Amino acid sequence: MKYYLDEDLSPKIAEILRKHHIDAVSAHEVGMIEVDDREQLERAASEKRCFITRNRNDYIRLTVQFFNEHRPHAGVLIIPHTLPGDKFSLIARAIIKHHSKHSRSKLEPYAIDFLES
């Protein structure tokens, strides 16, 4: 599975994931800062990347919209606020754990999954 990290997550997390041979990019790294949520999700979907964010409500709403509009979507992984945003290694480890459970398959289109803290 490939990942695209929302701008609400540090690019350091993507760096840690790549060190573990996980294909991950950050909105920061690809120049997608201060871009609206819809464009962020479109970018991830165009690259067939699961979108990772802490912004639960907006991306659940957008996922429903994408489904209703038959727009491409590669899944959303939501990071709970119980994982502090400044604990990059902790967040990366949780993503690595999730990835190991799903490494042979992608999330289904329009799937929303919640990272375990």
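Please refer to the structure higher up on the page.
Quantities reported herein were computed from a predicted structural model and do not represent experimental measurements. (Residues numbered from 1 in each chain as written. Predicted model: local features only at pLDDT ≥ 70, side-chain atom pairs only at ≥ 80, totals over all residues. Heavy atoms only, no water.)

Asker: I'm lost on the side chain of H98 in this one. Help?
Answerer: Within the secondary structure, H98 is located in helix α4 (residues 88-102). On the basis of relative accessibility, which here comes to 8%, the residue H98 falls in the buried class. Other than its neighbours up to four places away in sequence, H98 contacts M1, Y3, L77, D113 and L115. (Helix = DSSP H or I, 4+ residues; strand = E, 2+ residues; numbered from the N terminus. Buried < 20%, exposed > 50% of the residue type's maximum accessible area, 1.4 Å probe, protein only. Contact = heavy atoms within 4.5 Å.)

Asker: I'm lost on the pattern of salt bridges in this one. Help?
Answerer: Pairing is possible between side chains of opposite charge, provided their charged atoms come close. Under the counting rule described, the total for this entry stands at nine salt bridges. Measuring nitrogen to oxygen at the nearest pair gives 2.2 Å for the salt bridge that ties E42 to R71. Remark: R71 occurs in the loop between α3 (56-68) and β4 (76-78) and E42 occurs in helix α2 (residues 37-46); sequence separation between them is 29 residues. Each of D23, R43, E47 and R49 takes part in a single network of salt bridges with overlapping partners. (Salt bridge = Lys/Arg side-chain N within 4 Å of Asp/Glu carboxyl O.)

Asker: When you look at the pairing of strand β3 (residues 50-53) in this model, what are you seeing that I'm missing?
Answerer: Within a regular strand, the side chains alternate between the two sheet faces. Burial along β3 is two-sided: C50 and I52 facing one way and F51 and T53 facing the other are all buried. As paired elements, strand β1 (residues 3-5) and β3 share three bridges and run parallel to each other. Bridge assignment links L5 to a residue of β3, and that residue is I52. As paired elements, β3 and β4 share three bridges and run parallel to each other. Across the sheet, the residue bridging to I52 is L77, located in β4. Each parallel crossover has a hand, and the one from β3 via α3 to β4 is right-handed. (Pairing = 2+ DSSP bridges. Right-handed = clockwise from strand over helix to strand, strands pointing away.)

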